[in-house]
Structure formats: structure tokens, C-alpha cells
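# Working through the structure, step by step
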Amino acid sequence: MRVGIIGAGISGLVVAHQLQKAGIQHDLYEQADFPGGNIKSVRIKNYVLEMGPNSLLLTPEIEKLIRELKLEPEVVEANPVSGTRYIFRDGRYRRLPDSPLKLMADTYFHFKTKYRLLQERFLPPKPVNPHETISQFFERRFGREVLDYAVSPFVMGIFAGDPDQLLINKTFPKLVKYEQVYGSVQKGLLKDPPKRRKTISFKNGLQTLPLALGSKLLGLQTGYPVEMVTKSHGKYIISTTSPDYVPREYDVLVMAIPAHKATPLLEYTFPGLAAALRNVNYPPVAVVHTVYKKASVGFSLKGFGALHPKKENLFSAGVIWNSSIFPNRCPDDEVLFTTFVGGTPFAENTRRPRMEILKGVHEELKRNYQISAERPVYQHFYLWHQAIPQYDLYIEDAQQFAKTLETDNVFIAANWCSGVSIQHCVKRGLKVAKKIQELASAQTA
Ligand SMILES: Cc1cc2nc3c(=O)[nH]c(=O)nc-3n(C[C@H](O)[C@H](O)[C@H](O)COP(=O)(O)OP(=O)(O)OC[C@H]3O[C@@H](n4cnc5c(N)ncnc54)[C@H](O)[C@@H]3O)c2cc1C
């Protein structure tokens, strides 16, 4: 059996890594000159800059990968202060209470909302509505203030999305389970609390992980953009645009690329899936790194960062305080901010000229963090034209269609399939590799 994998982001890399361990022949095609996809770390001057994800949650699966790759000495754990998050509210940053007791004692939420929170456990559950949005779910169970000033900013931070459009059972299925199984979200949290995971990165940034995976893979072919997949006599033929490439046949195909990249490749062989994939939404996100001298910043940066609710009408969606989270992101006498502009609710702002975005970010940071410097020490700009797939009504068709193709030996390991976070992509990659191993065993039996 031979497997063709398209895309060497974390999803495709994990599939290939597992297949190599199992001795299953495969080729992994990557259009870029290096693996990683969204996970892109750059060292410029004395700065470690992340263009995509800034950190990941250490699940047992990722811990195992790190051990296998002998990356333990490279791991950096997040500073404990990064458990604290700030939300912009009424013109200033407010610390979000991090425990139920603190929340009740704090003035962050109005009295009426606190009363509503206490009532949630007595609110009868409603039958599952697969099309219920995050907004509808939270407004129904906790009220508008919780939605606007706690949930929406986090939804923006994780999915770059709009809670009015994202579906609750696709984004936070555990909350739906809590309501259905235990009768309320709070009862569910008590009886089946989410596991606490460490937040980590690597000394040279998150791309250390995909680079290490890639360096061990014998079948990785970088600089090979796949342009077409065809099927003939039960075999898949992958064609690339590289002049030196001779098309190869595969028994199994793994698609590990974004939906919008998969559409043109599959149009000929799987027109139904290609059509469904065309509808998957990916909002743009601009990532702006800004450095200041520490002495010029008046605000105490003890936390992970700050989120900006849409209602507050700020220019950016949120800011990560990198130099407070991980060591050596910048020199000791400087601070490094990563500002995210865009996502579905703020998409308009990414369409402005680049210089205007840089200026907008600096002015907002200057105002909100009491920065005395007229100019940053350094600024860097990166634009994701299509950043993160939106788990809204439109993705459902693509996911359903993708499942039916498994009987044709086509598997999806990509962030539009079963979760956008790195840990979800790793989990999905492992699952797909396991299915292929079972297929291989069945064929040899
Ligand atoms: C700005 C941003 C911030 C994020 N922050 C976090 C975070 O803090 N924590 C977290 O857990 N997750 C975060 N995520 C999400 C997470 O990084 C991604 O969901 C995940 O890395 C996607 O991995 P993937 O392998 O599925 O896809 P991708 O990373 O998109 O990889 C797909 C690969 O396929 C290649 N490819 C595409 N087309 C072709 C073709 N035709 N031929 C060959 N190769 C092709 C691409 O070059 C790419 O390398 C963030 C994402 C973004 C964009």
C-alpha cells in the first residue's frame, strides 16, 4: 500500500510521522520550501516572532511527540502570570476574574448578570439544535453581558470568528454535552471538569515542532505544489507543478490542506466535495508585532494579553503580551506585543493599506498601555488572507461529504475537519494514521 499525503502543516506531518513508524510507504507533498503551514516562527534581530499560533496546550499526544523527537530541552512553559486575561471594557482594561468566587465578588459583571449566573444550574435544558449558534446558546443560558464581555472576545481569540455565526455544537461540543447530560453547564463543569493543560512553546518558537517532524521524514517533498488529483483504476494520481516531478499512483489519499486550497485539486475527481469546500469561510487576519522599550510602557503587563469585545469598537481584536508569557522573545529591556487585526467581526480593518494598519496598531497600543514613546522600536506585519476555517453552517456540508469519502480511501486531516487548535489537528492526524494502518493490516491479512 502507498499513501499520498498533500500538505505538510502539523496535520499532514503527524500522519506521515505515524505511517513512517508503522513502515507504511508514503509521500508527503508540500508546496512551500519548509513544513509547518500556519505554524510559522521567524527570528528577526533579537526577536522571536510568531506569524500564526503563539502557544499550544500540552496534551498527552503532543507530549509523546515531543519525547519521540527529543525536543524536551527546547520546550518553554508559559509564565504562571499568563493565566490572567484582560478584557477591554468601558474604555479601559479590566482583569477577567479567574474563579467563580472572584467573579461573584468582583464588579466586572453587573449584579443582574451575577444573579443570572447563579440561576443557570436550575435552567431546564433544551433539546439539541444542531444549528444553534454560540450567541444563541450563551444568551439563552447566561445572558447578553456574559456573551458580549466574556464569550465573544474569546471566540474571536480562538476562531477569529463571529459568535452569531459559529455553531455551538461544532465549536464547544462539550458545553452542549454538559447541558444534555448534566442538565446545565455549571453542573457539567463540576462533574466533568475540563483537563488542565500546560501552555507551552519552544525556545525558537512553535515552528520547532513541525521542523523537527519534517527533518525525520523520509517521504517529505518540499517545493512540490500539487495541482490536481485524478483517479484511474482505483488508484489516485497526484500531479504537481514541479517540472522534475513524475506523477505517482497511490492507494490512499490524505488531504491535509485548507478547504480553499483543496477545491481546485478535487474539482475533477470529487466535484461534490470540491463544491462544498468552496463555501467554507476563512476570514483574513493581520498579525502585527510591535516592540517598545520597557521603560516607556506605563501599564503592568502581568498576563497573557487582552481581548477587545466588538462592542468596544477598537481597531484590533486583541493583543498577546509575548514577552510576559515566554522568555527571550525580545531583549530584557524591551516588550513585545502581537496584535491581531481582522477576523470575521473586524475583517474590514485588514483591507486598509499596510502602513495604516501599522499606525493604527501603534496608536491603539500607545493609548491603552500608557506608552510614552512616539514610535515603536520595531514593527513587523504579516497578513493571512484566509486565516482560520469558520465552523458555521457552511462547513457542515464539507465535513459530511469528507466522511463519506473514507470508503474510497480518501481521508481528511486538516483544521476544517475536527477542530482548529494544534492539539485538535494532532489528534486528528493520529486518528487518520490509525485508520490507514487498520486498512493496511486488513489488506495483508
Ligand atoms: C493567526 C493564527 C493564530 C493561531 N493561533 C493558534 C494558537 O494560539 N493555538 C493553537 O492551537 N492554534 C492556533 N491557530 C490554529 C492552528 O495554527 C492551525 O489550525 C493549524 O496549524 C493548522 O494545521 P493544518 O496542518 O491543518 O493546516 P495548515 O497549517 O494550513 O497546513 C497546510 C499545508 O498545506 C500546504 N499546501 C496547501 N496547498 C497545497 C498544495 N496544493 N500542494 C502542496 N501543499 C499545499 C501549505 O503550504 C501548508 O503547509 C492559529 C492559526 C492562525 C492562522
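What you see is a predicted model, and the numbers here were worked out from it, not measured in a lab. (Residues numbered from 1 in each chain as written. Predicted model: local features only at pLDDT ≥ 70, side-chain atom pairs only at ≥ 80, totals over all residues. Heavy atoms only, no water.)

Glancing now at the overall build of the protein. Scanning the protein from terminus to terminus reveals 16 helices and 20 strands. By the compact-globule yardstick of 22 Å for 445 residues, the protein fits well, its C-alpha radius of gyration being 23 Å. Each principal axis of the C-alpha distribution contributes one length, and for the protein these read about 65 × 55 × 40 Å. The proportion of buried residues among the 445 residues of the protein is 55%. When contacts within the protein are restricted to residue pairs at least 6 apart in sequence, long-range pairs at least 24 apart make up 70% of them. A total of about 20600 Å² of accessible surface is found on the protein, and carbon and sulfur atoms cover 54% of it. Treating the 57 positive side-chain charges of the protein as one cloud and the 42 negative ones as another, the clouds have centres 5 Å apart. (Helix = DSSP H or I, 4+ residues; strand = E, 2+ residues; numbered from the N terminus. Rg over C-alpha atoms; globule rule 2.2 N^0.38 Å. Buried < 20%, exposed > 50% of the residue type's maximum accessible area, 1.4 Å probe, protein only. Contact = heavy atoms within 4.5 Å. Areas by Shrake-Rupley, 256 points an atom, 1.4 Å probe, with all protein chains shown as cover. Lys, Arg positive; Asp, Glu negative; His and termini not counted. Charge placed at Lys NZ, Arg CZ, Asp CG, Glu CD.)

A word on helix 14 (residues 354-368). For an α-helix, the turn length of 3.6 residues means that residues three or four places apart are oriented alike. For helix 14, built from 15 residues, the straight-helix expectation of 21 Å at 1.5 Å per residue is met to within 8% by its first-to-last C-alpha distance of 21 Å. Those residues of helix 14 lying buried are Ile357, Leu358, Gly360, Val361, His362, Glu364, Leu365 and Asn368. Here the buried face of helix 14 lies against strand 7 (85-89), strand 8 (92-95), strand 15 (285-293), strand 17 (318-320), strand 18 (334-342) and strand 19 (378-384). Positive backbone phi, approximately 45°, marks Gln370, located one or two places after helix 14. (Expected span 1.5 Å × (residues − 1).)

Assigned domains of the protein: these are domain 1 (2-39 + 207-281 + 391-444), domain 2 (40-56 + 71-98 + 198-204 + 283-387) and domain 3 (109-191). With centres defined by C-alpha atoms, the gap from domain 1 to domain 3 works out at 34 Å. Domain 1 puts seven residues into the contact, and the matching count from domain 3 is eight residues. Across the interface of domain 1 and domain 3, roughly 670 Å² is buried in total on both sides, 62% from carbon and sulfur atoms. Linking domain 1 with domain 3 are zero salt bridges, by the criterion used here. Our enumeration of links across domain 1 and domain 3 arrives at two residue pairs in polar contact (both at pLDDT 80 or more). Within the side of domain 1 that touches domain 3, the residues separate by chemical class into four nonpolar, one polar and two charged. (Domains from an automatic or database assignment. Buried area = accessible area lost by both parts, 1.4 Å probe. Salt bridge = Lys/Arg side-chain N within 4 Å of Asp/Glu carboxyl O. Polar contact = N/O pair within 3.5 Å; in protein donor to acceptor, adjacent residues only side chain to side chain. Nonpolar A, V, L, I, M, F, W, Y, C, P; charged D, E, K, R; others polar.)

All right, on to the sheet that holds strand 5 (residues 56-57) then. Read across the open sheet, the three strands follow the order 5-9-6; overall the sheet is antiparallel. Each edge of the open sheet carries a strand with a single partner, namely strand 5 and strand 6 (75-77). Relative to strand 9 (residues 199-202), strand 5 is paired through two bridges, and the arrangement is antiparallel. Looking across to strand 9, one finds that Leu57 is bridged to Thr199. (Pairing = 2+ DSSP bridges.)

Now for the nonpolar core. Ranked by internal contacts, the top residues of the largest apolar core, which has 58 residues, are Ile6, Phe138, Met255, Leu266 and Trp416. Per-element accounting of this core gives the leading share, seven residues, to helix 6 (residues 144-159). For Phe138, the contacting residues outside a window of four places in its chain are Gly143, Leu147, Val151, Ile168 and Leu175. Counting 39 residues, the second largest nonpolar core, distinct from the first, contains Val3, Val14, Leu56 and Ile200. (Core = buried A, V, L, I, M, F, W, Y, C linked by side-chain atoms within 4.5 Å.)

The subject of this paragraph is the site of the ligand. Looking at the ligand, there are 36 residues lining it, with Ser11, Glu30, Asn38, Val420 and Ile422 nearest. Between the ligand and the protein, one listed contact pairs an oxygen atom with a side-chain N or O atom of Asn415 at 2.8 Å. Within the backbone of Ile422, one N or O atom sits 2.8 Å away from an oxygen atom of the ligand. With the chains in place, 90% of the 1000 Å² that the ligand exposes on its own is no longer accessible. Breaking the shell around the ligand down by element, the ones donating at least two residues are helix 1 (10-22), strand 2 (25-30), helix 11 (259-266) and helix 16 (422-444). (Near = heavy atom within 4 Å.)

A few words on the UniProt feature "domain: Amine oxidase" (unreviewed entry) in the protein. When the UniProt feature table is mapped onto this chain numbering, "domain: Amine oxidase" (unreviewed entry) sits at residues 10-436. When the span residues 10-436 is considered, its composition is 35% helix and 21% strand, and the gap between its end C-alpha atoms is 18 Å. (UniProt positions renumbered as here; feature names shortened; annotations may be inferred.)

Our next topic: a positive patch on the surface. Residues Lys195, Arg197, Lys403, Lys427 and Lys431 make up a contiguous surface patch of positive charge. Position of Lys195 relative to the elements: it lies in the loop between helix 9 (185-191) and strand 9. (Patch = residues over 30% accessible without salt bridge, like charges linked within 9 Å, V, L, I, M, F, W, Y side chains within 5 Å.)

Here we take up the pattern of salt bridges. Under the criterion given, the structure shown has 29 salt bridges. Among the salt bridges present, the one from Arg94 reaches Asp106, with a minimum N-O distance of 3.9 Å. Of this pair, Arg94 sits in strand 8 while Asp106 sits in the loop between helix 3 (100-105) and helix 4 (111-119), placing them twelve residues apart in sequence. By relative accessible area, which is 13% here, Arg94 ends up buried. The partner of Glu356 in a salt bridge is Arg352, and the shortest N-O contact between them spans 3.7 Å. By relative accessible area, which is 39% here, Glu356 ends up partly exposed. Each member of the salt-bridge network shares a partner with another, and the members are Glu120, Glu132, Arg140, Arg141 and Glu179.

Orientation of helix 11 relative to helix 12 (residues 271-278), taken along the N-to-C sense of each, is 150°, at an axis distance of 8 Å. The orientation of helix 11 relative to helix 12 falls into the category roughly antiparallel. For the element pair helix 11 and helix 12, the recorded crossing hand is left-handed. Across the interface between the two elements, Ala259, Ala262, Thr263 and Leu266 of helix 11 pack against Pro271, Leu273, Ala274, Leu277 and Arg278 of helix 12. Residue classes in the contact of helix 11 with helix 12 are distributed as seven nonpolar, one polar and one charged. (Axes fitted to C-alpha atoms, helices over the stretch in contact; angles between N-to-C directions. Parallel < 35°, antiparallel > 145°, perpendicular 65-115°, else oblique. Left-handed = near helix turned anticlockwise from the far one by under 90°.)

For the rest of this paragraph, the subject is the side chain of Ser184. Position of Ser184 relative to the elements: it lies in the loop between helix 8 (173-182) and helix 9. Here the side chain of Ser184 touches Glu120 through a polar contact of 3.4 Å, side chain to side chain.

You will see that Asp90, though not glycine, has its phi angle at about 50°, which is positive. Tracing the backbone shows Asp90 in the loop between strand 7 and strand 8. On the accessibility criterion, Asp90 (58% relative accessible area) is exposed. Positive phi outside glycine occurs at Gln370, with the angle close to 45°. Looking at the secondary structure, you find Gln370 in the loop between helix 14 and strand 19.

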